[in-house]
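# Observations on chain architecture
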Amino acid sequence: MKYILNIGLSNTNYSKVVEQINNARNYYFDDYHINESTSTYNDNIEPTIVLKFESNVHFSSMIKLIKQWCKTLQQDCIAIKMLDSDNKEFSALVYSDDYNGTTQNFNNDFFIN
């Protein structure tokens, strides 16, 4: 499955995100592509990491990893887009288990491919 993640940098820094990505490398995925862009969350413009990779790990394990990243990187949520082998797309905001606020639906207008 192909994954694209948008990870905001308002509450964390670039090097901490890269550290988490590298810790997951070789178990959850092998190679990845990363770049920095700008996105909007809760009407605030923030620098954002766009992470792309492919993985054969079960979807539920990937969601657990992303939830852990939310907690470690102090993120309310991380936006993800997944494409299966038939190019069927699934998108979501994956929230930290510790988040108690109002959740939002995924909005492709704010997602950076």
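Structure shown above.
A brief look at the structure comes next.

What counts, and where the lines are drawn
Residues numbered from 1 in each chain as written. Predicted model: local features only at pLDDT ≥ 70, side-chain atom pairs only at ≥ 80, totals over all residues. Heavy atoms only, no water. Phe/Tyr/Trp six-rings, centres within 6.5 Å; stacked < 30°, edge-to-face > 60°. Helix = DSSP H or I, 4+ residues; strand = E, 2+ residues; numbered from the N terminus. Buried < 20%, exposed > 50% of the residue type's maximum accessible area, 1.4 Å probe, protein only. Disulfide = S-S within 2.5 Å. Patch = residues over 30% accessible without salt bridge, like charges linked within 9 Å, V, L, I, M, F, W, Y side chains within 5 Å. Areas by Shrake-Rupley, 256 points an atom, 1.4 Å probe, with all protein chains shown as cover. Salt bridge = Lys/Arg side-chain N within 4 Å of Asp/Glu carboxyl O. Core = buried A, V, L, I, M, F, W, Y, C linked by side-chain atoms within 4.5 Å. Contact = heavy atoms within 4.5 Å.

### A word on the packing of aromatic side chains
Summed over all chains, the structure comprises seven aromatic pairs. With 4.3 Å between their ring centres and 25° between their planes, Phe29 and Phe53 make a pair best called stacked. You can see Phe29 sitting in the loop between helix H1 (14–24) and strand E2 (32–41) and its partner Phe53 sitting in strand E3 (residues 44–54), a full 24 residues away along the chain. Like Phe29, the residue Phe53 is buried in the burial classification. Three or more aromatic residues joined by ring pairs make a cluster, and in this case those are Tyr3, Phe29, Tyr32 and Phe53.

### Points about the state of the cysteines
Scanning the model with the defined rule gives zero disulfides in all. Cysteine Cys70 is unpaired, with the sulfur of Cys77 as its nearest cysteine sulfur at 6.5 Å.

### Observations concerning a nonpolar patch on the surface
Residues Met1, Phe59 and Phe90 make up a contiguous nonpolar surface patch of about 260 Å² in total accessible area. Note on placement: Met1 falls in the segment before strand E1 (2–8). The partly exposed category is assigned to Met1, whose relative accessible area is 35%.

### A closer look at the nonpolar core
Leu5, Ile7, Met62, Trp69, Ile78 and Ile80 are the most contacted members of the largest nonpolar core, which has 25 residues in total. Of all the secondary structure elements, the ones that give two or more residues to this core are E1, H1, E3, helix H2 (59–72), strand E4 (77–83) and strand E5 (89–95). With six residues, the top contributor of residues to this core is H2. Those residues in contact with Leu5 that sit more than four places away from it in its chain are Ile49, Val50, Leu51, Phe53, Ile66, Trp69, Ile78, Ala79 and Ile80. Within the second largest apolar cluster, five residues are counted, among which are Val50, Ala79, Phe111 and Ile112.

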